[in-house]
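Below are the chains, spelled out letter by letter.
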There are 6 protein chains.
Amino acid sequence: MKWSKNVYTFLGCEAEYDESPIALFGAPVDSTTSMRPGTRFASSAMRSDMVGLETYSPLQERDLCDYKIFDAGDLELPFGDSAAALAMIEERADRILSDGKLPVMLGGEHLVTLGAVRAAVRHHPDLCIVHFDAHADLRDELMGVHLSHATVMRRCWELTGDGRIFQFGIRSGDREEFRWAKGHVTTQLHKIDGVAAVLPQLAGKPVYLTIDLDVLDPGFFPGTGTPEAGGVSFYELVEAIRTLMPLRIVGCDLVELSPPLDPSGVSTAMACKVLRELLLALCGREA
Amino acid sequence: MKWSKNVYTFLGCEAEYDESPIALFGAPVDSTTSMRPGTRFASSAMRSDMVGLETYSPLQERDLCDYKIFDAGDLELPFGDSAAALAMIEERADRILSDGKLPVMLGGEHLVTLGAVRAAVRHHPDLCIVHFDAHADLRDELMGVHLSHATVMRRCWELTGDGRIFQFGIRSGDREEFRWAKGHVTTQLHKIDGVAAVLPQLAGKPVYLTIDLDVLDPGFFPGTGTPEAGGVSFYELVEAIRTLMPLRIVGCDLVELSPPLDPSGVSTAMACKVLRELLLALCGREA
Amino acid sequence: MKWSKNVYTFLGCEAEYDESPIALFGAPVDSTTSMRPGTRFASSAMRSDMVGLETYSPLQERDLCDYKIFDAGDLELPFGDSAAALAMIEERADRILSDGKLPVMLGGEHLVTLGAVRAAVRHHPDLCIVHFDAHADLRDELMGVHLSHATVMRRCWELTGDGRIFQFGIRSGDREEFRWAKGHVTTQLHKIDGVAAVLPQLAGKPVYLTIDLDVLDPGFFPGTGTPEAGGVSFYELVEAIRTLMPLRIVGCDLVELSPPLDPSGVSTAMACKVLRELLLALCGREA
Amino acid sequence: MKWSKNVYTFLGCEAEYDESPIALFGAPVDSTTSMRPGTRFASSAMRSDMVGLETYSPLQERDLCDYKIFDAGDLELPFGDSAAALAMIEERADRILSDGKLPVMLGGEHLVTLGAVRAAVRHHPDLCIVHFDAHADLRDELMGVHLSHATVMRRCWELTGDGRIFQFGIRSGDREEFRWAKGHVTTQLHKIDGVAAVLPQLAGKPVYLTIDLDVLDPGFFPGTGTPEAGGVSFYELVEAIRTLMPLRIVGCDLVELSPPLDPSGVSTAMACKVLRELLLALCGREA
Amino acid sequence: MKWSKNVYTFLGCEAEYDESPIALFGAPVDSTTSMRPGTRFASSAMRSDMVGLETYSPLQERDLCDYKIFDAGDLELPFGDSAAALAMIEERADRILSDGKLPVMLGGEHLVTLGAVRAAVRHHPDLCIVHFDAHADLRDELMGVHLSHATVMRRCWELTGDGRIFQFGIRSGDREEFRWAKGHVTTQLHKIDGVAAVLPQLAGKPVYLTIDLDVLDPGFFPGTGTPEAGGVSFYELVEAIRTLMPLRIVGCDLVELSPPLDPSGVSTAMACKVLRELLLALCGREA
Amino acid sequence: MKWSKNVYTFLGCEAEYDESPIALFGAPVDSTTSMRPGTRFASSAMRSDMVGLETYSPLQERDLCDYKIFDAGDLELPFGDSAAALAMIEERADRILSDGKLPVMLGGEHLVTLGAVRAAVRHHPDLCIVHFDAHADLRDELMGVHLSHATVMRRCWELTGDGRIFQFGIRSGDREEFRWAKGHVTTQLHKIDGVAAVLPQLAGKPVYLTIDLDVLDPGFFPGTGTPEAGGVSFYELVEAIRTLMPLRIVGCDLVELSPPLDPSGVSTAMACKVLRELLLALCGREA
């Protein structure tokens, strides 16, 4: 008799590490969330709820079963010590990058991106970042805290420098953030279809893709801490992701799903489907 | 004094059986639901929550009060014996068809459609099926079970044969289902507006219309067991329904509302409104 | 040490009464709600949840911090005595109007509009009303009750007379309401973009703007008592609001948010954002 | 074929009016609820959820199937007009009393008791009231409103006079209520076991029993608008009810269940079980 | 770097199969649940939520870390085919028993017990059953279905014969069940402290212990499909479990937790703690 | 006209600072919560929901209206920087103590106690702590974090030294915590009635009282992050609080209410009532 082994991996991500060009891991932490916490539950909820999703995408006509993806599970991160948590994330991403693989991280709050970007910048000093989000996340500090979900892109900018961060879907920020953004980062307000226009600027460069799922409209994705009316649709997001595939993507993340805020489960289902499409797009690219 | 009689019928469906060309009934069962059960509560929730809905549709400029519709209430179906439940549904639909009336069934899970289709095929051996759904439901079995929500259209196909099932709005299935579909059924992916194009093929034939409400986008209809991002809107669904009205509709159902999954009540309200528009479209047709 | 003072005002509305051209207040009552009550919690929920919202609007490129708005807090209204509650609302609106300021009221159920309109009509006998809603609210009575959320626009019409009420987004009502509406009020069904077309009729006249938030699609705004599929989007609503700004707006309200019906918080967040855009549009107008 | 008839009656209460010594009816109104409304849904929720309950009580060794009880369904009461709603309740109770039957009313908020007591006092001018509740409900007015859940026992006292009201389980009230209570009504604080001690005073007199279910501890019965820690248990409540059975009970009610406040359904299940035990105790008495 | 391996085992149950005298497994099925389904989610919810629980019990002064327990994970059971699911459960229990180990099964609905009892009876033909439950579960059939949560103890009785089943805490059943029980099984109503009294009858015999968690009061354990007021407390249940430990326990289960029915998570936490105490009691016995 | 001023103070706590011997404040932070966050919402939820509670206690026959208590509102604490948050709490408590007043703090997670205790120890170097809790909170670190809800009493012990901390109601901890506790702190397991026995040891000494509300049974208080079955009742907790009143209480707190985890609102209502009884006990003491 073969024992079921209590192993929970994301949909079809059952390959071994060594054979996989993509390595998934979870970063379940939300200590700096200022409104409604809950993103710490995202990666485990996604592994549980993906049972409702097929491995096959009729949109891309590809099947996760045809590709090798490793799911490394969730990091065990401390609560209340952001610096320590970021160090653990950085170490994990660094290891994956060192092995020539592509890390795909599931948040957690958006601050986790900083850990992965630190590792990516070390491996790729000319790193560019494509950022899908409702919020600019460009504050210098929030209530005196510098390591925060609200400052994460500012911290990333300190690593990449001007002209390397491309934001899409942004529809919230304080006036100062938008002022500062000019000259430092490229921002498309409200929409996300400007991705095609920046491809030339990104061609050949190493690109980290960070997707704050609240770029989606709260009507389609209510399970997030700071919902902002007026977002994009599932098809618009997947279209934007697929548009990026000619680029040299070196790392990705999907953040800010907060399962407890959406008792209907629709948001977790959406996150799973976006992840499937992202993975299939990445896999197709490699072919 | 006139006693209130504890009688709960769907909105405006208060005619007697003999005088009604349409007979509504509920089939509240969800034993084979593999993810999140709850559709067993759909028909009773619809009867309760319809108090927020008017009998008049400004869209169709018709009023349910002007037509005769009988609400036969819910079947008392056993849990854990799908064959027995299907037999009871088949008997109910058969009786209504035998009396020259049109059965409109409220699920329950999608498997209930099989019972009604069995009766319809007996009365109309050349039956065609129009199928609105997010999922293809064309598996041959699910974990060894042949009577399942996931196999229901395959079981129906066994009754109708090739070329008789027309699917719209499909955006989920395993690769094998899509492969199999070719040559057996007609499938429109993602969209539902292909209905007009198949009217010629269906003209004059008896048509059973099965509406899995998860064809709607989960943003508008979160209360369903396996939400699939990227669905259609209320107006698109009603437009598709109305487009079918020139056909010879002999039976209908509305399935997969799961009220407990949507505490806001928006999904039940949507189901009620779709049912109202469906009934008014059917009634208008008869005029 | 400066004590925090337990003062909860809406986002950026921290000016004193005397210096503010706009005065906000809450009317938290829902005694006549016939389906699912809960709007009594709207104004306090909006003051709590606005912490997730910025004072700056990238859409209008304006910031609430640049304007003077007074938040007078919530009226303490009795439950079970609509006449008394309306009198208190009327007194409050009258006071604000007498001081040459613009009242912006947060409901509560839609009946509260009647109190504010009574005051506005006294100050502006030629008052016109622009009404965004899913429901016509033109019944003469509901179960014998004349002061009801379902009759509020009929009561308002008794004050303004024919040709003074302009409804948009309406998609529900009984047949009698739609019949009566002809010749008495102007109604745009389903859509809201007809606002521009009526500007000439309203030019120069005092206009009261009442926004029943259920004009929005329930997919984007599930937290309301009687959700009606097929509504407008956030951008469509804000566009309509901004289109009205050349007019002489003398009073506004935002009603029918019911926070307990939407555990995700998305509806309250939407209401806060609509209020921010409304306030910024009004402030910009004054400039 | 026998059509299911959409008739929802409470557990085993399927007799006709004429043959039944007990007549059940619902009074689903909560217009004066000052905190969290929802009791309007109680009677219909109880009819839906009683399917989980047996007709047989191992505690009393009696079965509802052995008795004749008529369920008259819910009154259709207006919202926003307490006087009109009370008149309809009074008329219903009066009719039942005139026919020599015992009315058992399901609230709704506690104010509904006043309608039934008005009818009972007309039939039994020397009426006494036994009152189980967490709250004294003896205020003269609440925010200027005299017909309120918070004043209902004061209004009842105006009908019965001093020494006729016996309260048990009370653990909340303002100081003035407790002061006033002395000399006017009999009150047992916190506990409910004092029922036995007052039997001699009530012997032979017509007794109306009103049970505000919040007399139960919120741990066992969370689904109520104003939960008060420190209440009684199910067995204590049933014991108190059974202790009263030697008395001449002429009317009863069960109020203040608010199903939406308890998503677990435990409170509705509790209310159903208390109602079953109450009905069986009343029926046993008649034997 | 050591990869986290996505392995979810119950609290401290991390031993290998061969070294463990106890083997845990989940049987996540609820197809015959007649009221509110959801127990299918119990075993996975318990593995997720146990993170809030310590391995050490101050009550028993024992620590799960000191013992070897194997968690075999969840069976993948089909929905809609009870016979097939029971066969899979029986096979799993049989394997564990054949290896001389003690199976501890986590439901699922109560029907799963039948699978394990079938295996246990094969190994121990003189099997006795100790049954903690609110419901007698002694029906012969429910709506024509013989394999049902409501008939499970009757089916077990068919395997064990008279005088071998000892029920405690029972407070619900139809009259016929209680009549039948006399002469066939031993039943303690309402309470559970009669366990000590039956120890002599059970001494030396193989005993299967089945714990339907709804034996607990719904105040402490609301997350179950058919809550019955008047149950026992945590300490009473643990005391009863510990009282049984001198016996020859050959199998155990814990059933009827339904996590979706209790959004507070208290019921899952209770189930985890009962399981910890059960495992520690069993382990202590072996010492 | 007097404007309502949007001031939310706790029930009856409307005195000015200077005239009040007691000063209330909120510390809404939960950054180190390792399971389910949400206590950040406790103090504001308590201020909102207290409207259902009377100022008068029939238990103590005292009324909050007769006493002077100042509610200083909530501190604005950063998320993700525990050291900074604790410093702000300490400063606030220090100021209140310096003015000769008694601070009563509303958490927030239990870590906030450390800030207040630091201030109290500075003012009263011989401080003793009475600690009501389900959890020992005596770990030295949790996943490398030393400032954590799980270590708070260990940190406090570092300030007070051996023999100064008295724990009651404890029913959870790892084995190491219980071992360490011996010789360092006094612990009563499971129960709370040992308070009377330690009064002699505490007589005349300055005492800080910290109440983790999860000392209550989760049946009565489900709204907390780590519920532990087997807790105390409301009356037992209030009795223990009142027993302490002869002592020299110099500071108090009430922590770990997590309103989002209990949608019924019963837990917040319980917390409000415990706070009322605590305040009335403290006020009575002063008389």
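A. Spatial organisation of the overall build of chain A. Per the secondary structure count, chain A includes eight helices and 10 strands. Each principal axis of the C-alpha atoms in chain A carries an extent, and together these give about 65 × 40 × 35 Å. Out of the 287 residues in chain A, the part that is buried amounts to 70%. Long-range pairs, those at least 24 residues apart, make up 77% of the contacts in chain A between residues at least 6 apart in sequence. Here chain A carries 27 positive and 41 negative side-chain charges, and the mean point of each set is 3 Å from the other.

B. Structural context of the nonpolar core. By size, the foremost hydrophobic cluster in this structure holds 170 residues, and its most contacted members are Phe132 of chain D, Phe132 of chain E together with Phe132 of chain F. Dropping the residues within four chain positions of it, Phe132 of chain E is found in contact with Phe168, Ile192, Val195, Leu209, Thr210, Ile211, Asp212, Val215, Leu237, Ala240, Ile241 and Leu244 of chain E. Listed in part, the 169 residues of the second largest apolar core include Val195, Val215 and Ile249 of chain B together with Met270 of chain C.

C. Examining the sheet that holds strand 8 (residues 186-189) of chain E more closely. All names here are of chain E. The eight strands lie next to each other as 4-1-5-10-9-6-7-8, forming an open sheet whose pairing is parallel. At either margin of the open sheet sits one strand with a lone partner, and together these are strand 4 (69-74) and strand 8. Averaged over neighbouring strand pairs, the angle between their axes works out to 15° when direction is ignored. Here strand 6 (residues 128-132) pairs with strand 9 (residues 206-212) via five bridges, running parallel. Directly across from Phe132, in strand 9, lies its bridge partner Ile211. Of the strands in this sheet, strand 1 (22-27), strand 4, strand 5 (102-107) and strand 10 (248-255) touch helix 2 (residues 82-98), which is tilted by about 175° from strand 1.

D. Looking closely at unusual backbone geometry. Of the consecutive residues Gly107 of chain B and Gly108 of chain B, the connecting peptide bond is found in the cis state with omega at 5°. Positive phi, normally seen in glycine, also occurs at Met143 of chain C, with a value near 55°. Tracing the chain through its elements places Met143 of chain C in the loop between strand 6 (128-132) and helix 4 (152-160). Residue classification places Met143 of chain C among the partly exposed positions, given a relative accessible area of 41%.

E. Focus on the sheet that holds strand 1 (residues 22-27) of chain F. All names here are of chain F. Spatial ordering of the open sheet is given by 4-1-5-10-9-6-7-8, a layout of eight strands whose pairing is parallel. This sheet does not close on itself; its edge strands, each paired only once, are strand 4 (69-74) and strand 8 (186-189). On average, adjacent strands in this sheet sit at an angle of 15° to one another, irrespective of strand direction. Judged from the four bridges that link them, strand 7 (residues 165-170) and strand 8 form a sheet pairing that is parallel. Residue Phe166 lies in a different strand from strand 8, and its bridge partner there is Thr186. Relative to the sheet, helix 4 (residues 152-160) contacts strand 6 (128-132), strand 7 and strand 9 (206-212), its axis offset from that of strand 7 by approximately 160°.

F. Broad picture of the packing of helix 2 (residues 82-98) of chain C against helix 3 (residues 112-123) of chain C. All names here are of chain C. Where helix 2 meets helix 3, the closest approach of the two axes is 8 Å, and the angle between their N-to-C directions is 40°. Taken together, the axes of helix 2 and helix 3 are oblique relative to one another. Both helix 2 and helix 3 take part in a crossing whose hand is right-handed. Taken together, the residues of helix 3 that come into contact with helix 2 (itself represented by Leu86, Ile89, Glu90, Ala93, Asp94, Leu97 and Ser98) are Val112, Leu114, Gly115, Ala116, Arg118, Ala119, Ala120, Arg122 and His123.

G. Up close: helix 4 of chain C. Residue and element names in this part refer to chain C. Helix 4 sits mainly inside the fold: seven of its nine residues count as buried. Listed in full, the buried residues belonging to helix 4 are Val152, Met153, Arg154, Arg155, Cys156, Trp157 and Thr160. Lining the buried residues of helix 4 we find helix 3, strand 6, strand 7 (165-170), helix 5 (175-181) and strand 9 (206-212).

H. Spatial organisation of the packing of helix 3 (residues 112-123) of chain A against helix 4 (residues 152-160) of chain A. Residues and elements named next belong to chain A. Where helix 3 contacts helix 4, the axes come no closer than 10 Å and their chain directions differ by 10°. When the interaxial angle is binned, helix 3 and helix 4 end up roughly parallel. Across the interface between the two elements, Thr113, Leu114, Val117, Arg118 and Val121 from helix 3 touch Val152, Arg155, Cys156, Leu159 and Thr160 from helix 4. The class makeup of the residues in the contact of helix 3 with helix 4 is six nonpolar, two polar and two charged.

I. Highlighting the pattern of salt bridges. Overall, the coordinates contain 96 salt bridges over all chains when judged by the stated rule. Between Arg95 of chain F and Asp99 of chain F there is a salt bridge whose closest N-O contact spans 2.8 Å. For Arg95 of chain F, a relative accessible area of 24% corresponds to the partly exposed category. Across the salt bridge formed by Arg276 of chain F and Glu277 of chain F, the nearest N and O atoms sit 3.0 Å from each other. Classification of Arg276 of chain F by relative accessible area gives buried; the value is 2%. Residue Glu277 of chain F is classed as buried on the basis of its relative accessible area, which comes to 2%. A network of salt bridges, in which partner residues are shared, links Glu54 of chain A together with Arg139, Asp174 and Glu177 of chain B.

J. Here's a closer look at the confidence of the model for chain A. Residue-level pLDDT values for chain A average 95, and 98% of them are 70 or greater. Interface scoring of the predicted complex returns ipTM 0.95; its pTM is 0.97.

K. The packing of aromatic side chains, seen in detail. Scanning the model with the defined rule gives 37 aromatic pairs over all chains in all. Summarising the aromatic geometry, the rings of Phe220 of chain A and Phe220 of chain C are spaced 6.1 Å apart at their centres and angled 80° between planes, so their arrangement reads as edge-to-face. Here Phe220 of chain A is found in the loop between strand 9 (206-212) and helix 7 (234-243), whereas its partner Phe220 of chain C is found in the loop between strand 9 and helix 7 (234-243) on a different chain. Across the pair, exposure class does not vary: Phe220 of chain A and Phe220 of chain C are buried alike. A ring pair is formed by Trp157 of chain E and Trp180 of chain E, whose centres lie 4.7 Å apart and whose planes are at 85°; its orientation type is edge-to-face. With a gap of 23 residues between them, Trp157 of chain E in helix 4 (residues 152-160) and Trp180 of chain E in helix 5 (residues 175-181) connect regions that are remote in the sequence. Three or more aromatic residues joined by ring pairs make a cluster, and in this case those are Phe220 of chain A, Phe220 of chain B together with Phe220 of chain C. The ring centre of Trp180 of chain D lies 4.1 Å from the NZ or CZ of Arg154 of chain D, which sits over that ring.

L. Expanded view of the pairing of strand 1 (residues 22-27) of chain A. Residue and element names in this part refer to chain A. Among the six residues in strand 1, six count as buried, and that is most of the element. Side chains of strand 1 alternate between two faces, with Ile22, Leu24 and Gly26 and Ala23, Phe25 and Ala27 buried alike. In this structure, strand 1 lies alongside strand 5 (residues 102-107), joined through six bridges in parallel fashion. Looking at the pairing, Phe25 lines up with Met105 of strand 5. As judged from the four bridges shared by strand 1 and strand 4 (residues 69-74), these two strands associate in the parallel manner. Looking across to strand 4, one finds that Gly26 is bridged to Asp74.

Thresholds, definitions, all that
Residues numbered from 1 in each chain as written. Chains lettered and ligands numbered in written order. Predicted model: local features only at pLDDT ≥ 70, side-chain atom pairs only at ≥ 80, totals over all residues. Heavy atoms only, no water. Helix = DSSP H or I, 4+ residues; strand = E, 2+ residues; numbered from the N terminus. Buried < 20%, exposed > 50% of the residue type's maximum accessible area, 1.4 Å probe, protein only. Contact = heavy atoms within 4.5 Å. Lys, Arg positive; Asp, Glu negative; His and termini not counted. Charge placed at Lys NZ, Arg CZ, Asp CG, Glu CD. Core = buried A, V, L, I, M, F, W, Y, C linked by side-chain atoms within 4.5 Å. Pairing = 2+ DSSP bridges. Axes fitted to C-alpha atoms, helices over the stretch in contact; angles between N-to-C directions. Parallel < 35°, antiparallel > 145°, perpendicular 65-115°, else oblique. Left-handed = near helix turned anticlockwise from the far one by under 90°. Nonpolar A, V, L, I, M, F, W, Y, C, P; charged D, E, K, R; others polar. Salt bridge = Lys/Arg side-chain N within 4 Å of Asp/Glu carboxyl O. pLDDT = per-residue confidence, 0-100. Phe/Tyr/Trp six-rings, centres within 6.5 Å; stacked < 30°, edge-to-face > 60°. Lys NZ or Arg CZ within 6 Å of the ring centre and 35° of its normal.

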